[in-house]
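Structure at a glance
Listed below are the residues making up each chain.
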2 protein chains.
Amino acid sequence: MRCENPVMNQILDAYKPMWSLNHAISLMGWDFETYMPRKGMEERGVADSQLRMLHKDLLLNKDFVGLVESAKKLGNLSDLEKGIIRVLNREITKQIKIPKDLTEAESLERIRGNMVWREAREKSDFMMYAPHLKKMIEIKKQIVEKIGYERHPYDALLDQFEEELTVDDLDKVFSVLTSRTQKILKKLVDSGSPFCKENKLEKSKYDIQKVDELNHDILTLLQYDMERFRMDVSTHPFTEAMDLNDVRITTRYEGADFKKSISSTIHEAGHALYNLQCDQSLSVTPLEGGSSLALHESQSRFWENIVAEACLLFN
Amino acid sequence: MRCENPVMNQILDAYKPMWSLNHAISLMGWDFETYMPRKGMEERGVADSQLRMLHKDLLLNKDFVGLVESAKKLGNLSDLEKGIIRVLNREITKQIKIPKDLTEAESLERIRGNMVWREAREKSDFMMYAPHLKKMIEIKKQIVEKIGYERHPYDALLDQFEEELTVDDLDKVFSVLTSRTQKILKKLVDSGSPFCKENKLEKSKYDIQKVDELNHDILTLLQYDMERFRMDVSTHPFTEAMDLNDVRITTRYEGADFKKSISSTIHEAGHALYNLQCDQSLSVTPLEGGSSLALHESQSRFWENIVAEACLLFN
């Protein structure tokens, strides 16, 4: 992306190494969940935390902050340019408050905790994972105190997923949704709907290779471009975008209830589609990854619940 | 690794982000050859070149160079500490001469050229790759002029693979080897040895999945620890070490002449073994990757030619 304003171009050029660190951090994250030999964990922790600290150094570099500050004062910015400055300014304002040792601690604990969680999940042994969860909550609480908040501590973290959304806002939404959903559920149960009964397909075992082929067939049907996209396997399904032309999803195969695997695949493919359809001119800018988690989730849920479930249930 | 000398510890701490950039660059390289969707090429080029330039910034940072300079003057260093300083000093001396735009150009051309090379190889179409090879040679020639050399231009590049080895040295070795090898070859041909005749196995096709299983069985037989190691598939086989506990090889399946695939696997596994057997105390230091290419190649060739071929031919 090239802008008319030279300050904007200086900002985008200076952002390239930060973008590249994010690219590498995304790839390391994807690899950690898919192919990394498990004993590489400690070294991956060093690499992940160090790259995050380097990113912070570049973002909070005086010259870069100065460029963003001067761009804020410019009156003739386009909407896209304003978006870039807003996103960078938010990131600077937040990162400047979080000390490096917390950035490092969070990165190391996420990696160590995740590795234990995988084994704990396999063994259905929550107590195995509990100390890691406790430690992560402690780290997050420290981060919250550094970032600051007005009413609820979680506001500081919620804002990272959905700009300016607060716990109060969410409570308003969920209080309406909860009571209405409960009414629908009661109606379904009372009417003896088949949706409320166990389906024998939920217990029947499947051949993992066959369901993997089926998932790939579904992606072909949905016209995913395998030159910009791929699917692998992980303990918990996720979408990770390295950039606008390399978006990856994972699915999981538990060996029973094939619908879960198909739903996961379509759900993650929905996330991926949102990334894949971003305007290519946003490539290597702070705006390339989609607007917010709620918009992201609306895309994944649309494909999973509206398109796929409607097809599965009514065809 | 912790040292008695505080300057050495400062150096090792400051080296951590450089090590982490190398880790990420290695992973991006491995991923580029194995799983990356091909249209992610341009963005991967940005990330690779930017991380290499960041690495150069950190290495040539005045404070870091100052630390290495003061360590050079210390009289009480252990052999390991001397090794760290020697390796870092060599890297600083070289990198300071290569301007950033050449570092960037080399990275971008390596990635673009490699992608074209894969297609050209598949089609046996050298002319398709020729312009990229020409461009890379031009870039390398510019780098050579910046690094400088005493007798032969290639000395500047050869030194990166094998410290202080020169073209003159190599000529001495190869002139003896060539004539002696020719004598052995002539003797074999004259004696009508079966080694000089085409073996029908070289043309027979194989089931890729079966040979992949065989390769994995061989790795099990050779007692590779799959928690620190893995094998994937690429156009040209290679070994890439992310760190001492995450070493990866690739092999290739061309669908005919299974011995080639097995040889590649064992050859690369030999390289990997050299990395996997490095002292763990060298982890996250500039010394962790093995001493030199010649030593590396002696390990891979030992397993490929001495152990495996001897077994295959005489058992």
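Values in this document were obtained by computation on a predicted structure and should not be read as measured data.

What counts as what
Residues numbered from 1 in each chain as written. Chains lettered and ligands numbered in written order. Predicted model: local features only at pLDDT ≥ 70, side-chain atom pairs only at ≥ 80, totals over all residues. Least-squares fit on C-alpha atoms with pLDDT ≥ 70 in both. Contact = placed C-beta atoms within 7 Å. Pairing = 2+ DSSP bridges. Helix = DSSP H or I, 4+ residues; strand = E, 2+ residues; numbered from the N terminus. Axes fitted to C-alpha atoms, helices over the stretch in contact; angles between N-to-C directions. Domains from an automatic or database assignment. pLDDT = per-residue confidence, 0-100. Buried ≥ 20, exposed ≤ 12 C-beta atoms within 10 Å, placed from the backbone. Parallel < 35°, antiparallel > 145°, perpendicular 65-115°, else oblique. Left-handed = near helix turned anticlockwise from the far one by under 90°. Nonpolar A, V, L, I, M, F, W, Y, C, P; charged D, E, K, R; others polar.

1. So, the relation of the copies chain B and chain A
With an axial shift of 0.0 Å and an RMSD of 0.0 Å, the rotation relating chain B to chain A amounts to 180 degrees. Expressed as an axis order, the relation between the two copies is that of a two-fold axis. Closest to the rotation axis within chain B is the C-alpha of Ala24(B), separated from it by 3.0 Å. Interface overlap between copies is the fraction of interface residues in one copy that are interface residues in the other; for chain B against chain A it reaches 100%, indicating a shared surface.

2. A look at the sheet that holds strand S1 (residues 229–233) of chain A
Residue and element names in this part refer to chain A. Strand order in the open sheet made by the 3 strands is S1-S3-S2, with mixed pairing throughout. Lying at the two open borders of the sheet, with one neighbouring strand each, are S1 and strand S2 (239–243). Taken over all neighbouring pairs, the strand axes of this sheet differ in orientation by 20 degrees on average, direction set aside. Here S1 runs beside strand S3 (residues 246–251); their pairing, made up of 5 bridges, is parallel. Bridge pairing in S3 places Met231 opposite Ile249.

3. Digging into the domain arrangement of chain A
Its domain assignment divides chain A into domain 1 (6–161), domain 2 (166–196) and domain 3 (198–314). Taking only C-alpha atoms into account, the centre of domain 1 of chain A sits 34 Å from that of domain 2 of chain A.

4. Considering the confidence of the model for chain A
When pLDDT is averaged across chain A, the result is 94; 99% of the residues are at 70 or more. This complex was scored by the predictor with a pTM of 0.96 and an ipTM of 0.95.

5. Focus on unusual backbone geometry
We note that Glu164(A) has phi near 65 degrees; this positive angle belongs to a residue other than glycine. Mapping Glu164(A) onto the fold places it in the loop between helix H7 (155–161) and helix H8 (167–190). For Asp257(B), which is not glycine, the phi torsion reads 65 degrees and is therefore positive. Structurally, the position occupied by Asp257(B) is in the loop between strand S3 (246–251) and helix H10 (258–276). Judged by local crowding, Asp257(B) falls into the partly exposed class, with 16 C-beta atoms found within 10 Å.

6. A short note on the packing of helix H5 (residues 100–122) of chain A against helix H6 (residues 126–147) of chain A
Residue and element names in this part refer to chain A. Where H5 contacts H6, the two axes come as close as 9 Å, and the packing angle between them is 160 degrees. In terms of orientation, H5 lies roughly antiparallel with respect to H6. In this structure, H5 meets H6 at a crossing whose hand is left-handed. In this structure, H5 contributes Leu102, Ala105, Glu106, Glu109, Arg112, Gly113, Val116, Trp117, Glu119 and Ala120 to the contact, and H6 contributes Phe126, Met128, Tyr129, His132, Lys135, Met136, Ile139, Gln142, Ile143 and Lys146. Considered class by class, the residues forming the contact of H5 with H6 number 11 nonpolar, 3 polar and 6 charged.

7. As for the sheet that holds S3(B)
Residue and element names in this part refer to chain B. Read across the sheet, 3 strands follow the order S1-S3-S2 without closing on themselves; strand pairing throughout is mixed. The sheet terminates laterally at strand S1 (229–233) and strand S2 (239–243), the two strands that pair on one side only. Strand-to-strand twist of the sheet, defined as the mean angle between neighbouring strand axes without regard to direction, takes the value 20 degrees. Inspection of the sheet shows S2 paired to S3 by 4 bridges, in the antiparallel sense.

8. With respect to the pairing of S3(A)
When you tally the buried positions in S3(A), you get 6 out of 6 residues, the bulk of the element. Along S3(A), one buried face is formed by Asp246(A), Arg248(A) and Thr250(A) and the opposite face, lined by Val247(A), Ile249(A) and Thr251(A), is buried too.

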